[in-house]
Amino acid sequence: MPRGRPRSFDENEVLDTLIKMFVRDGFEGVSISAVCKETGVSLQSLYCTFGDKAELYRRALTRYGETASDPLIQGLRNTSDPIEALRNFVKGFEYFNTLPEGQGCLFTQSLASAVEGGPCDGAIARGYANRIRKALKDRAREAAEAGRLAGDPDLIADSLLSASYGAAVGGRGGLPKVVITNSVKEALKLLEP
């Protein structure tokens, strides 16, 4: 017979709160006591369910990938027209114009603060970035093979991925909205035949 009280919180809700905290404050800026306060989960329950702070961070990154990156990848793969799929990806950059300053992409934050061998080594974020990159390259190659894309499809895919991370950083940093809007306009030109 299991001991203790049953869990009285939703793990995904806790992880979603952690994502917001880590985006806002970074790994170093989030304390376990702040996590307990903001989530309403006791210290013991937090450790029993998620482990230490590094594991909390990894679980938040994985949840972010499932909720933010996986839908992007599916959108790239499931849109029948490869050019439309790539255009939709680029138009998604405008999302970063809607965020309050200091908010943004957890993966961008993770990659920018990656420390080799530490809990913030960027491995999870790089894994998702590579999956997005592959989906972009697959669709760009498909469009190029159909004669609908001028230029090197792999370079175009890498440019789109880099531009998306740039938009995330610009949105977080409070750059004028026109910067991201202009980035979208120029990235869309890469998709012209």
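Above this text sits the structure in question.
On a predicted model such as this, the values are computed, not experimentally measured, just so you know.

Caption draft 1: Highlighting the layout of surface pockets. Taken as a whole, the largest pocket encloses approximately 530 Å³ of empty space. What lines the largest pocket is a set of 25 residues, and nearest its centre among them are Y64, A68, Y95, F96 and C105. No other element matches the 5 residues that helix α4 (residues 53-78) contributes to the lining of the largest pocket. Of the residues belonging to the lining of the largest pocket, the class tally is 16 nonpolar, 7 polar and 2 charged.

Caption draft 2: The side chain of R139, seen in detail. Tracing the backbone shows R139 in helix α7 (residues 123-145). The exposure class of R139 is buried, given its relative accessible area of 6%. Within polar-contact distance, the side chain of R139 engages the backbone oxygen of L76 at 2.5 Å. Among the polar contacts made by the side chain of R139, one reaches the main-chain carbonyl oxygen of R77 at a distance of 3.4 Å.

Caption draft 3: Seen up close, helix α8 (residues 153-173). With 21 residues, α8 extends 30 Å from end C-alpha to end C-alpha; this agrees with the ideal 30 Å at 1.5 Å per step. Taken together, the buried positions of α8 are occupied by P153, I156, A157, L160, L161, A163, S164, Y165, A167, A168, G170 and G171. In this structure, the buried side of α8 is in contact with α5 (82-91), α6 (106-112), α7 and α9 (177-189). Capping of α8 at its N-terminal end is provided by D152; its side-chain oxygen lies 2.8 Å from the backbone amide nitrogen of D154. A positive backbone phi angle near 80° is found at G174, which sits one or two residues after α8.

Caption draft 4: Summary view of a nonpolar patch on the surface. Together, L175, V178 and V179 give the surface a local cluster of nonpolar side chains, amounting to about 240 Å² of exposed area. In this structure V179 comes out as partly exposed when scored by relative accessible area, which is 39%.

Caption draft 5: Representation of the nonpolar core. Ranked by internal contacts, the top residues of the largest apolar core, which has 56 residues, are F93, L136 and L160. Ignoring any residue separated from it by four or fewer positions in sequence, one finds F93 in contact with L160, A163, S164, A167, I180, S183, V184 and A187.

Caption draft 6: View of the packing of aromatic side chains. Applying the stated criterion across every chain, the model contains 7 aromatic pairs. Geometrically, the ring pair formed by F22 and Y57 is edge-to-face, given 4.8 Å between the ring centres and 85° between the ring planes. Placement of the pair is F22 in helix α1 (residues 11-29) and Y57 in helix α4, with a sequence separation of 35 residues. Since its relative accessible area comes to 1%, F22 is described here as buried. Relative accessible area serves as the criterion here: at 1%, Y57 is assigned to the buried category. Look at F27 and Y57: their rings are 5.1 Å apart centre to centre, the planes differ by 65°, and that puts the pair in the edge-to-face class. Taken together, the residues span a long stretch of sequence, with F27 in helix α1 and Y57 in helix α4 at a distance of 30 residues.

Caption draft 7: Broad picture of α9. With 13 residues, α9 extends 19 Å from end C-alpha to end C-alpha; this agrees with the ideal 18 Å at 1.5 Å per step. Here α9 has its buried residues at I180, V184 and A187. One side of α9 carries all its buried residues, which in axial view fall inside an arc of 70°. On its buried side, α9 packs onto α5 and α8.

Caption draft 8: A look at the packing of α7 against α8. Look at α7 against α8: their axes get within 8 Å of each other, and the N-to-C directions meet at 135°. The pairing of α7 with α8 is recorded here as oblique in orientation. Our pair here, α7 against α8, has a crossing hand that is right-handed. Contact residues: A125, A129, I132, R133, L136, K137, A140, R141 and A144 in α7; P153, D154, A157, D158, L160, L161 and Y165 in α8. Residue classes in the contact of α7 with α8 are distributed as 11 nonpolar, no polar and 5 charged.

Analysis parameters
- Residues numbered from 1 in each chain as written.
- Predicted model: local features only at pLDDT ≥ 70, side-chain atom pairs only at ≥ 80, totals over all residues.
- Heavy atoms only, no water.
- 1 Å grid on protein atoms, 1.4 Å probe; cavity = no way out; pocket = protein on both sides within 12 Å on 5 of 7 lines; lining within 4 Å.
- Points joined across faces, edges and corners; volume = space filled by probe spheres on them.
- Helix = DSSP H or I, 4+ residues; strand = E, 2+ residues; numbered from the N terminus.
- Nonpolar A, V, L, I, M, F, W, Y, C, P; charged D, E, K, R; others polar.
- Buried < 20%, exposed > 50% of the residue type's maximum accessible area, 1.4 Å probe, protein only.
- Polar contact = N/O pair within 3.5 Å; in protein donor to acceptor, adjacent residues only side chain to side chain.
- Expected span 1.5 Å × (residues − 1).
- Contact = heavy atoms within 4.5 Å.
- Patch = residues over 30% accessible without salt bridge, like charges linked within 9 Å, V, L, I, M, F, W, Y side chains within 5 Å.
- Areas by Shrake-Rupley, 256 points an atom, 1.4 Å probe, with all protein chains shown as cover.
- Salt bridge = Lys/Arg side-chain N within 4 Å of Asp/Glu carboxyl O.
- Core = buried A, V, L, I, M, F, W, Y, C linked by side-chain atoms within 4.5 Å.
- Phe/Tyr/Trp six-rings, centres within 6.5 Å; stacked < 30°, edge-to-face > 60°.
- Arc of directions from axis to C-beta.
- Axes fitted to C-alpha atoms, helices over the stretch in contact; angles between N-to-C directions.
- Parallel < 35°, antiparallel > 145°, perpendicular 65-115°, else oblique.
- Left-handed = near helix turned anticlockwise from the far one by under 90°.

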